[in-house]
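Residue strings, one per chain:
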Amino acid sequence: DVRRAVCPGSYDPPTVGHLDVIARTAALFDEVFVAILVNPRKQGMFEIDERVQMLTEITADLPQVRVESFSGLVVDYCRERGAQALVKGLRGATDYDYELPMAHMNRHLTGVETMFLPGAPGQVYVSSSLVKEVARGGGDVTPFLPPSVHTRLVERLQG
Ligand code: COD
């Protein structure tokens, strides 16, 4: 049986924290779908196409990984792809409180399991929203982004 996992998120933009969770998931599963939620009510800094491109670039050395976007319910996306598990990174109690009801609801809906990976200790304070805020204010966010993502962020803020 092929074991497939889905790593869903907004990825606006993808950070080193996201990449760590994706790479660790790729070490455990045969196929990993990195799934970017298309949220029409939320205007991001990057278009969905740009997020697909960035994630494709930074996961190029992980042959198990495929990057796609999805809209609607994550459980329906999992069913379409034949994925048995959702994998999420946990930075701390706030992530847990946010994720636990979704994990229960998703399991209730289709039986899909959610698995949590502890965030890497040096990266638990890294989030897309904080990185954007610090970068907008002129702070150095180089350590928090894969180099190609950092380049795009700098271009976006200058452009
Ligand atoms: N270290 C470890 N993990 C991290 C880090 C880090 N530094 N940064 C982020 N993560 C993890 C997050 O905890 C999360 O698990 C994942 O990476 C994605 O993070 P974001 O911020 O890009 O994405 P979110 O939290 O906005 O994504 C939420 C989802 C899109 C997954 C969720 O809203 C969803 O599934 N929506 C689809 C609609 C649906 O099915 N709704 C019903 C749910 S019951």
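As the structure is a prediction and not an experimental result, all values here were calculated from the model.

Draft legend 1. Examining the packing of aromatic side chains more closely. Following the criterion strictly, the structure yields four aromatic pairs and no others. Centre to centre, the rings of Phe33 and Tyr77 are 6.4 Å apart; their planes meet at 80°, and the pair counts as edge-to-face. One end of the pair, Phe33, is in strand E2 (residues 31-37); the other, Tyr77, is in helix H3 (residues 74-81), with 44 residues separating them in the sequence. Accessibility assignment for this pair places Phe33 and Tyr77 in one class, buried. Taking 5.3 Å as the distance between ring centres and 35° as the angle between the ring planes, the aromatic pair formed by Phe70 and Tyr77 counts as tilted. With respect to class, Phe70 is no different from Tyr77; both count as buried. What links up through ring pairs into an aromatic cluster is the set Phe33, Phe70 and Tyr77.

Draft legend 2. Geometry of the site of the ligand. The immediate surroundings of the ligand are formed by 23 residues, with Ser10, Val74, Gly89, Gln123 and Val126 found nearest. One of the side-chain N or O atoms of Asp95 is found 3.4 Å from an oxygen atom in the ligand. For the ligand, a nitrogen atom lies 2.9 Å from a polar atom in the backbone of Gln123. Alone, the ligand offers 910 Å² of accessible surface; in the complex the protein occludes 85% of this.

Draft legend 3. The environment of Glu68, seen in detail. The topology assignment puts Glu68 in strand E3 (residues 65-70). Along the backbone, Glu68 and Gln158 are 90 residues apart, and their C-alpha atoms lie at a distance of 28 Å. Residues in contact with Glu68, not counting those within four places in the same chain, are Phe33, Val34, Ala35, Ile36, Tyr77 and Arg81. Of note is the side chain of Glu68, whose polar atom sits 2.6 Å from the side chain of Tyr77.

Draft legend 4. Quick peek at the nonpolar core. Core analysis: the biggest nonpolar cluster contains 30 residues, and Val34, Leu55, Val65 and Leu153 have the highest contact counts within it. When residues of this core are traced back to their parent elements, those giving at least two are strand E1 (4-9), helix H1 (16-26), E2, helix H2 (48-58), E3, strand E4 (85-90), helix H5 (128-136) and helix H6 (147-158). If we ignore the near neighbours within four places in the chain, the residues touching Val65 are Ile22, Ala26, Val32, Val34 and Thr59. Ala35, Val74, Val75 and Leu86 belong to the second largest nonpolar core, which has eleven residues in total.

Draft legend 5. Up close: the packing of H2 against H6. Close contact between H2 and H6 brings their axes to 9 Å; oriented N to C, the two are set at 150°. Relative to H6, the element H2 lies roughly antiparallel. Facing Glu50, Gln53, Met54, Glu57 and Ile58 of H2, the residues of H6 in contact are Ser148, Val149, Arg152 and Arg156. In the contact of H2 with H6, the residues fall into three nonpolar, two polar and four charged.

Draft legend 6. Region of the structure containing the sheet that holds E1. Strand order across the open sheet formed by five strands is E3-E2-E1-E4-E5, with parallel pairing between neighbours. Both outer strands of the open sheet, E3 and strand E5 (113-118), are each paired with one neighbouring strand and no more. Across the sheet, the axes of successive neighbouring strands diverge by a mean angle of 30°, strand direction being ignored. Pairing analysis gives six bridges linking E4 to E5, with the strands arranged parallel. From the neighbouring strand, Val87 faces E5, where its bridge partner is Met115. Across the face of the sheet, helix H4 (residues 93-110) comes into contact with E4 and E5 while running at roughly 175° to E4.

Conventions adopted
- Residues numbered from 1 in each chain as written.
- Predicted model: local features only at pLDDT ≥ 70, side-chain atom pairs only at ≥ 80, totals over all residues.
- Heavy atoms only, no water.
- Phe/Tyr/Trp six-rings, centres within 6.5 Å; stacked < 30°, edge-to-face > 60°.
- Helix = DSSP H or I, 4+ residues; strand = E, 2+ residues; numbered from the N terminus.
- Buried < 20%, exposed > 50% of the residue type's maximum accessible area, 1.4 Å probe, protein only.
- Near = heavy atom within 4 Å.
- Polar contact = N/O pair within 3.5 Å; in protein donor to acceptor, adjacent residues only side chain to side chain.
- Areas by Shrake-Rupley, 256 points an atom, 1.4 Å probe, with all protein chains shown as cover.
- Contact = heavy atoms within 4.5 Å.
- Core = buried A, V, L, I, M, F, W, Y, C linked by side-chain atoms within 4.5 Å.
- Axes fitted to C-alpha atoms, helices over the stretch in contact; angles between N-to-C directions.
- Parallel < 35°, antiparallel > 145°, perpendicular 65-115°, else oblique.
- Nonpolar A, V, L, I, M, F, W, Y, C, P; charged D, E, K, R; others polar.
- Pairing = 2+ DSSP bridges.

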